[in-house]
Amino acid sequence: LTLSLSSLKSSKREWKPLEDHSCTDVPWLLLFIIFCIGMGFICGYSIATGAAARLLSGYDSYGNICGQKNAKVEGIVNSGLDLTHKKYVFFLDPCNVDLVHQKIKSLAVCVSACPRKELKTLADVQKFAETNGSTLCSYELQPSEYTTDPRAAKLCPKYPVPESAPIPFFHRCAPVNISCYAKFAEALITFVSDSSVLHRLISGVMTSKEIIMGLCLLSLVLSMILMVIIRYISRVLVWILTILVILGSLGGTGVLWWLYAKQRASASAVETQIAKDNLQALLIYAISATVFTVILFLIMLIMRKRVALTIALFHVAGKVFIHLPLLVFQPFWTFFALILFWAYWITVLLFLGTTGNPVPNEEGFVEFRMVGPLKYMWWYHVVGLIWISEFILACQQMTVAGAVVTYYFTREKRNLPFTPILASVNRLICYHLGTVAKGSFIITLVKIPRMILMYIHTQLKGKENACARCMLKACICCLWCLEKCLTYLNQNAYTATAINSTNFCTSAKDAFVILVENALRVAAINTVGDFMLFLGKVLIVCSTGLAGIMLLNYQRDYTTWVLPLIIVCLFAFLVAHCFLSIYEMVVDVLFLCFAIDTKYNDGSPGREFYMDKVLM
């Protein structure tokens, strides 16, 4: 009996916020470091084998790297040439895109200069070579033979040769007019049956690029303004957002129907195709906005009684941002870190695309292929993309959790550290990187099977039977749900680690117990809180989209505005999500702290609450 009582007491976790700090999940940190060293090995190997030079300087179809002397490749003619003065790769048929292998299916040669004007005949190609010293045909043909040798039909560029310019840093001659690549896009977009539709969409984006950039900047400004509003008027934020969304959805729907009626009434007997496209797009937008508004009203009607539950928590979250203003800039640092890593990852991926030994293909040209175990470096690199990206996101969650926990469990707010964010980053680096590595690895383990199943589903599209298709989609859906649940549990585990300095598994178990004990509170506060933050995102998207409609309406006669408006709205939602996800994170951390506070404290002497008076 004594042993059972002692074991029961030891199993009960005593929460001691911020009293001591210790390193957590050190083996996982070592494993993550070893994995990162492996990522570095892949980069170093690709550079050492010449992949970087082939990527940056470019190489021709015979395995020669442009702009340098080359070694002879056995069995390949025209290899091992001195191309010191020929620094640019030129494709004889740049518009011949191989959709299966996703590359330009054309003979490539190194040239000293790209053709800066269109060359309509072989005589023009010959004149260009004699004038500029840049031979655009294969190496075995001399410029004097361009118009006389019958091999010129295969070894010289397909004419008319489009005007080209070198791509900065990559030394490839690319057509100035990219319309020839539209065929590639049309093959990917199956719903486009008329090629002129795609051309009008692309021209609409290019014509409205200044408006698109301005509207993207507007969405950023609106997101910042909304964060300021959350800080200073959090008590009435919920009702203000509700009223603004009602007015915004009604106003946006009304404006769409008004514009549709106005354009339909002013339509002339002879209409351009662009005007017809815009009229049809307006009708689709108006109907979609009407359906969305009705659904939104029904949801708000059902949830109106639960909205008041979030006001106190939102008020305290607003105080957190007042005391910790650097929280607003967390999305910038995370986004910057992700961009740097993704740029590195894509660069190494491009290196891997040109890594390997030169091997003759079926056409007698050179391809670089990896053999043996090295060909599996691709998979290692893909796993690295997922794990390290999740690690960066988890570092943000741990940083925010540590700063908010410091704020919550500091009774006298004037005794807060000068920069709680930097103090939280310091604790993360010194003690909890292993916990972050373990949590992000668990998410990676769920993401990889889901991505594999999605790839299989894409490859078998149209080939599998209905039962197999249903099972694949069900598995993908289940893995997606599991990933979302684990992400939420991970975030609360990071909060528990920030409070008690326990390892990941212990923190996840403790957080799970707290959440289960407060299941109704979790359901009510998280659902309503997330919904109100979603309304904030809707407000930003609707405001940006409405501004886009009013601005693009002045160009309706010569610009197709379907694609520009979609681009602007997607960017606005992305920006709003990045900013408001921080606020959502703060609310979730505050709720877990609040639940722990109410469980282990009752306000009596020696067990005083840490919480704000509003939460009391």
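Cut-off values and rules
Residues numbered from 1 in each chain as written. Predicted model: local features only at pLDDT ≥ 70, side-chain atom pairs only at ≥ 80, totals over all residues. Heavy atoms only, no water. Helix = DSSP H or I, 4+ residues; strand = E, 2+ residues; numbered from the N terminus. Buried < 20%, exposed > 50% of the residue type's maximum accessible area, 1.4 Å probe, protein only. Contact = heavy atoms within 4.5 Å. Areas by Shrake-Rupley, 256 points an atom, 1.4 Å probe, with all protein chains shown as cover. pLDDT = per-residue confidence, 0-100. Disulfide = S-S within 2.5 Å. Axes fitted to C-alpha atoms, helices over the stretch in contact; angles between N-to-C directions. Parallel < 35°, antiparallel > 145°, perpendicular 65-115°, else oblique. Left-handed = near helix turned anticlockwise from the far one by under 90°. Core = buried A, V, L, I, M, F, W, Y, C linked by side-chain atoms within 4.5 Å. Pairing = 2+ DSSP bridges. Expected span 1.5 Å × (residues − 1). Polar contact = N/O pair within 3.5 Å; in protein donor to acceptor, adjacent residues only side chain to side chain. Salt bridge = Lys/Arg side-chain N within 4 Å of Asp/Glu carboxyl O. Phe/Tyr/Trp six-rings, centres within 6.5 Å; stacked < 30°, edge-to-face > 60°.

Student: Give me the lowdown on the overall build of the protein, citing residues and values where you can.
Tutor: Tallying secondary structure elements over the protein gives 18 helices and eight strands in all. Burial statistics for the protein: of 616 residues in total, 45% are counted as buried. Across the protein, every contact between residues at least 6 apart in sequence was considered, and the portion connecting residues at least 24 apart equals 71%. Accessible area of the protein: about 32100 Å², with a carbon and sulfur share of 68%.

Student: Provide a residue-level description of the confidence of the model for the protein, including the pertinent values.
Tutor: On average, residues of the protein score 80 in pLDDT, and 83% of them reach the 70 mark or higher. Ranking the helices and strands of the protein by mean pLDDT puts helix H13 (residues 377-408) first, with 92, and helix H1 (residues 2-11) last, with 39. Contacts of residues 1-12 to residues separated by more than four positions or lying in other chains number one contact, the stretch itself having pLDDT below 50. Confidence drops under pLDDT 50 across residues 184-198; counting only partners more than four residues distant or on other chains, this segment forms eleven contacts.

Student: Describe in detail the state of the cysteines, supporting the description with residues and values.
Tutor: Covalent bonding between the sulfur atoms of two cysteines is what defines a disulfide. This model, assessed by the stated rule, comprises three disulfides. Between Cys66 and Cys110 runs a disulfide, and the two sulfur atoms are separated by 1.9 Å. One disulfide, between Cys66 and Cys110, carries an S-S torsion of -80° and so falls in the left-handed class. Of this pair, Cys66 sits in the loop between helix H3 (51-57) and strand S1 (88-91) while Cys110 sits in strand S4 (residues 108-111), and the two are 44 residues apart along the sequence. For the pair Cys66 and Cys110, a shared accessibility class is recorded, and that class is buried. With no disulfide of its own, Cys23 lies 8.0 Å from the sulfur of Cys430, the closest cysteine sulfur. Note on Cys477: no disulfide assigned, nearest cysteine sulfur contributed by Cys481 at a separation of 4.3 Å.

Student: Before we move on, could you go through the packing of helix H2 (residues 26-48) against H13 and cite the residues and values that matter?
Tutor: At their nearest, the axes of H2 and H13 sit 10 Å apart, and the two run at 130° to each other. Classified by the interaxial angle, the pair formed by H2 and H13 is oblique. Considering only the axes of H2 and H13, their crossing is left-handed. Residue-level inspection shows Leu31, Phe32, Ile34, Phe35, Cys36, Gly38, Met39, Ile42 and Tyr45 of H2 in contact with H13, the latter providing Met377, Tyr380, His381, Val383, Gly384, Trp387, Ile388 and Phe391.

Student: Could you give an account of the side chain of Asn490, with specific residues and numbers?
Tutor: Within the secondary structure, Asn490 sits in helix H15 (residues 466-500). The residues touching Asn490, leaving out its near neighbours within four places in the chain, are Gly439, Ile443 and Phe504.

Student: Tell me about the nonpolar core, and please be specific about residues and values.
Tutor: If you look at the biggest cluster of nonpolar residues, it comprises 56 residues, and the most contacted ones within it are Val320, Phe321, Leu327, Val404, Tyr408, Val586 and Leu590. When residues in this core are grouped by element, the largest group, 17 residues, is from helix H18 (residues 562-600). Residues within four places of Val320 in sequence aside, it is in contact with Leu327, Val404, Tyr407, Val586 and Leu590. Judged by nonpolar contacts, the second largest core, of 32 residues, contains Cys66, Cys110, Cys114 and Tyr146.

Student: I'd like a description of the pairing of strand S8 (residues 366-369), backed by residues and values.
Tutor: The two faces of the sheet receive side chains in turn, since in a regular strand these alternate between them. Every second residue of S8 is oriented toward a common face, the buried set being Val366 and Phe368 and the non-buried set Glu367 and Arg369. As paired elements, strand S7 (residues 357-360) and S8 share four bridges and run antiparallel to each other. The residue of S8 that forms the bridge with Pro360 is Val366.

Student: I'd like a description of H13, backed by residues and values.
Tutor: For H13, which comprises 32 residues, the first-to-last C-alpha distance of 46 Å matches the rise-based estimate of 46 Å (1.5 Å per residue) to within 8%. Of all the 32 residues making up H13, 25 are buried; the element is thus mostly covered by neighbouring parts of the structure.

Student: I'd like a description of the side chain of Thr410, backed by residues and values.
Tutor: Tracing the sequence through the fold places Thr410 in the loop between H13 and helix H14 (420-459). Residue class for Thr410 comes out buried when judged on its relative accessible area of 14%. A polar contact of 2.4 Å, which involves the side chain of Thr410, links it to the backbone oxygen of Thr406.

Student: Let's hear about unusual backbone geometry: which residues, and what values?
Tutor: In most cases, non-glycine residues show a negative phi, while peptide bonds are predominantly trans. Unlike most non-glycine residues, Asn78 shows phi in positive territory, near 65°. The exposure class assigned to Asn78 is buried, which follows from its relative accessible area of 17%.

Student: Now, about the pattern of salt bridges: what can you tell me, with residues and values included?
Tutor: Tallied over the entire structure, the rule returns five salt bridges. Notably, a salt bridge pairs Glu483 with Lys447, separated by 2.9 Å at the nearest N-O pair. With Glu483 in helix H15 and Lys447 in helix H14, this residue pair connects regions lying 36 residues apart in the sequence. For Glu483, a relative accessible area of 5% puts it in the buried group. Arg450 is the partner of Glu483 in a salt bridge, and the nearest nitrogen-oxygen pair spans 2.9 Å. Residue Glu483 is found in helix H15, and its partner Arg450 is found in helix H14; the two are separated by 33 residues along the sequence. Salt bridges sharing common partners tie together Glu390, Lys447, Arg450 and Glu483.

Student: Tell me what's going on with the packing of aromatic side chains, and back it up with residues and numbers.
Tutor: Scanning the entire structure with this criterion turns up 15 aromatic pairs. Members of the aromatic cluster, connected to one another through ring pairs, are Trp28, Phe32, Phe35, Tyr380, Trp387, Phe391 and Phe441.

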